Amino acid sequence: MTDKNWWKNAVVYQIYPRSFQDMDGDGIGDLRGIIERLDYLEKLGVDVIWLSPVYASPMVDNGYDISDYRAINPLFGTMEDFDELLSALHSRGMRLIMDLVVNHTSSEHPWFQEARKSRDNPYRGYYIWREGKDGEPPNNWISWFSGSTWEYNPPTGDYYLHIFAKEQPDLNWRNPKVREEIFDMMRWWLDKGVDGFRMDVISLISKPEELPDDPRGDLSPYCINGPHVHEYLREMNEKVLSKYDIMTVGECPGMTVEQAKIYAGFDSGELNMVFQFEHTGLTDGEFGKWTDKKTPLPALKRVFEKWQTGLFGESWNSLFWGNHDQPRAVTKFGDHSPEYSDLSAKMLCCCLYFMQGTPYIYQGDELGTPNPGFDELAHYRDIESINAYRDFVDSGILDEPTMLRYLARTGRDNARTPMQWAPNGGFTTGKPWISYGGSTRAVNAEMQLQDPDSVFCFYKKVLELRKSLPLVREGSFELLRPEHESLFVYIRRFEGQTLLVLCNFSAEWVTLPDNCRPASGTPVIANYPETARLEGALLPYECRVYIV
Ligand code: GLC
């Protein structure tokens, strides 16, 4: 507790409570389920849990639409369950960070229920209102969940802004009362003992006064890193964050290295680190995130190199392949075929977690869980996916099979299927709220805990190893052979010690270029047995780490 920078050594595990463990048989995961699984998390080597929202919510966006910030959704349990979880974690020396969703509330939040009543309601200034233009919305911005970003409100005769669903009205951060309400609520949770926050789309909270049309209807240039965002975060830090021994991570779509150093520079007095999405967004294109393209390796390496070297000594990286908004890591960046699924899941673990930063593991990735392979719209539950399907297919821009292929590749529900605890599922005794899909039942915790060669045991080893090596926390980063199409090779250096990480991102064996060959010795970790390894080449999806 004395190390103020404990979050630099911490391993964070993200729990999407809906899909983690159900104890009451309603098919939806709950807080008691998490308490039940703490041994598992401790065994893996987890220090901090990031809990996706468990607050009161009508669940239009699975809890990212909050109607009461100080109440637990009965679907997940009670405040007593929450308190029990928190103290169970603390007694194990683990910590808990909450998801702080304050760019918007639910439209059912009492503030919005009041605000929408009349123009002179005291809560009107909590949200963002504009007059329409000749019966049309105030501008041409398109919501990130489809349709206009404006919704007409009959009682007031004008429109409110919502970057996400119309049930998620954006809060007006210009209003000091809004900021005070949020800061109060944060203090309330911190006084309860929570250990920090993951801040949902925090780079979006400040909107310019002028909300002009955009040539492409894109709101990003105006709302990402808006004019006052740093002022608000510094105020939050000064009034709240700095008073507690906590960690903070800001989810920041559209982030650049230069901006990240302001949000999370060691001396900037805002946050500890940011989640940026440059590496996950490399396949974005003509239809936004909807695609079935594979990430080109040279581009991926360049992005990691840029962030590893760009933040070095000035800020701190969040290391993640996936979260509840991304497809499964092994499907997106590896190879989920039965032959290579485990090998590539281990390789991805090695590749990422020997870099500098705080590791984040999204539930199930430590088992190598693949996308479920949903093949019809009826399997999907996610508002973003369902709306996008309607947009693209109903308008004839994409045909149905193509859109279904894209959804199965990049849709958010790919990461939201239930945790597979046992060969028969083990998530619930009822009917799960979303199906497991076709992902193989062999990918389950019960079997992997007993198998020393499992993906789970490999993750555990990597996490132990990185904790034992100050070099992983402190060392510099050098990328070798950036242009190579299949190899991801890098070196970390610290106080005369060198770490060499070799990864093959392809299903072919690849000769190691001269400057990538280890001088000698045995790897400290590898995903093939010694007898199978070749001298100067890497086998399909092989990874090895050497210390020199
Ligand atoms: C963040 C969350 C996502 C949610 C959105 C709106 O990106 O991670 O799940 O839909 O914000 O709150």
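A short tour of the structure in this document, coming up.

What counts as what
- Sequence order as written defines the numbering, with residues in each chain counted from 1.
- Note on the predicted model: pLDDT of at least 70 is required for a residue's local features to be given, and 80 or more for side-chain atom pairs to be given and counted; whole-chain, interface and lining totals, by contrast, use all residues.
- The side-chain numbers reported here are obtained from all heavy atoms of the structure, hydrogens and water having been left aside.
- Here a residue counts as near a molecule or strand whenever at least one of its heavy atoms sits within 4 Å of it.
- Polar contacts, as used here, are pairs of N or O atoms within 3.5 Å; protein pairs need one atom able to donate a hydrogen and one able to accept it. Residues neighboring in sequence count only if both atoms are side-chain atoms.
- The Shrake-Rupley method, run with a 1.4 Å probe, gives the accessible areas here. Residue values count only the displayed protein chains as cover.
- Cavities and pockets are defined on a 1 Å grid built over the protein atoms alone: a cavity is a set of grid points where a 1.4 Å probe fits but cannot escape, while a pocket is an open set with protein on both sides within 12 Å along at least five of seven lines, and lining residues are those with an atom within 4 Å of any such point.
- Should more than half of a molecule's atoms lie within 2 Å of a pocket's or cavity's grid points, that molecule is taken to sit in it.
- Residue type decides the class: Asp, Glu, Lys and Arg count as charged, Ala, Val, Leu, Ile, Met, Phe, Trp, Tyr, Cys and Pro as nonpolar, and the leftover types, Gly among them, as polar.
- Think of it this way: any DSSP run of H or I at least four residues long counts as a helix, any run of E at least two long counts as a strand, and we number them from the N terminus.
- Two residues form a contact once any of their heavy atoms are found within 4.5 Å.
- Lines fitted to C-alpha atoms define the axes, with helix axes restricted to the stretch in contact, and inter-axis angles between N-to-C directions lie between 0 and 180 degrees.
- To sort the angles, those under 35 degrees are grouped as roughly parallel, those over 145 as roughly antiparallel, those from 65 to 115 as roughly perpendicular, and the leftovers as oblique.
- Crossing handedness follows the turn of the near helix against the far one: under a right angle anticlockwise gives a left-handed crossing, and clockwise gives a right-handed one.
- Among the buried residues, those of types Ala, Val, Leu, Ile, Met, Phe, Trp, Tyr and Cys that are joined through side-chain atoms within 4.5 Å form a nonpolar core.
- Burial classification: accessible surface area is computed with a 1.4 Å probe over protein chains only, and a residue below 20% of its type maximum counts as buried, one above 50% as exposed, and the rest as partly exposed.
- Segment limits for the domains were obtained from an automatic or database-derived domain assignment.
- Criterion used throughout: strands pair if DSSP finds at least two bridges between them.

## Things to note about the site of the ligand
Okay, so step 1: Around the ligand lies a shell of 13 residues, among which Asp61, Asp200, His324, Asp325 and Arg412 are the nearest.
Okay, so step 2: At a separation of 3.1 Å, an oxygen atom of the ligand approaches a polar side-chain atom of Arg198.
Okay, so step 3: Summarising the interface, the protein chains cover 97% of the accessible area of the ligand, which totals 300 Å² for the free molecule.
Okay, so step 4: Cavity membership is defined here by more than half of the atoms lying within 2 Å of grid points; on that basis the ligand lies in the largest pocket.
Okay, so step 5: Of the residues assigned to the shell around the ligand, the class counts are four nonpolar, two polar and seven charged.

## Some details on the environment of Met236
Okay, so step 1: One can find Met236 in helix α7 (residues 229-239).
Okay, so step 2: In this structure the C-alpha to C-alpha distance between Met236 and Thr358, which are 122 residues apart in sequence, comes to 23 Å.
Okay, so step 3: In this view, Met236 contacts Trp173, Phe183, Met186, Met199 and Leu241; residues no more than four positions away in its chain are not counted.

## Quick word on the packing of helix α3 (residues 79-91) against helix α5 (residues 176-192)
Okay, so step 1: Contact pair α3 / α5: the axes reach a minimum separation of 11 Å and the direction vectors enclose 55 degrees. With respect to their mutual orientation, α3 and α5 come out oblique. Contacts from Met79, Phe82, Asp83 and Leu86 of α3 reach α5 at Trp188, Trp189 and Lys192.
Okay, so step 2: Partitioning the contact of α3 with α5 into residue classes produces five nonpolar, no polar and two charged.

## Observations concerning the packing of helix α11 (residues 341-353) against helix α15 (residues 455-468)
Okay, so step 1: Where α11 contacts α15, the axes come no closer than 10 Å and their chain directions differ by 15 degrees. When the interaxial angle is binned, α11 and α15 end up roughly parallel. At the point where α11 passes α15, the crossing takes the right-handed sense. Along the contact surface, α11 presents Asp342, Ala345, Lys346, Cys349, Cys350 and Tyr353, while α15 presents Val455, Phe458, Tyr459, Val462 and Arg466.
Okay, so step 2: For the contact of α11 with α15, the class distribution of residues is eight nonpolar, no polar and three charged.

## Some details on the nonpolar core
Okay, so step 1: Formed by 146 residues in total, the largest nonpolar core has its most connected members in Phe82 and Phe354.
Okay, so step 2: Considering every element that reaches this core, the biggest residue donor is α11, with nine residues.
Okay, so step 3: Mapped onto the domain boundaries, this core takes at least three residues apiece from domain 1 (110-161) and domain 2 (475-547).
Okay, so step 4: Apart from the residues within four sequence positions on either side, Phe82 is in contact with Leu31, Leu51, Ile72, Leu96, Met98, Trp189, Lys192 and Val194.
Okay, so step 5: One finds Trp150, Leu161, Tyr222 and Ile383 within the second-largest nonpolar core, a separate group that totals 17 residues.

## Topic: the pairing of strand β2 (residues 48-51)
Okay, so step 1: With burial as the criterion, each face of β2 is covered, one bearing Val48 and Trp50 and the other bearing Ile49 and Leu51.
Okay, so step 2: Across four bridges, strand β1 (residues 12-15) lies against β2 in parallel orientation. Bridge assignment links Gln14 to a residue of β2, and that residue is Trp50.
Okay, so step 3: Bridge analysis of β2 against strand β5 (residues 95-100) gives four bridges, and the strand direction is parallel. Counted as the bridge partner of Ile49 is Leu96 from β5.

## Looking at the pairing of strand β9 (residues 196-199)
Okay, so step 1: Neither face of β9 is exposed, since Gly196 and Arg198 on one face and Phe197 and Met199 on the opposite face are all buried.
Okay, so step 2: Bridge analysis of β5 against β9 gives three bridges, and the strand direction is parallel. Within β9, the residue paired with Met98 across the bridge is Phe197.
Okay, so step 3: Pairing of β9 with strand β10 (residues 247-251), which is carried by four bridges, proceeds in the parallel orientation. When the sheet's bridge partners are listed, Arg198 is paired in β10 with Val249.

Any functional reading would require information that these geometric values do not contain.
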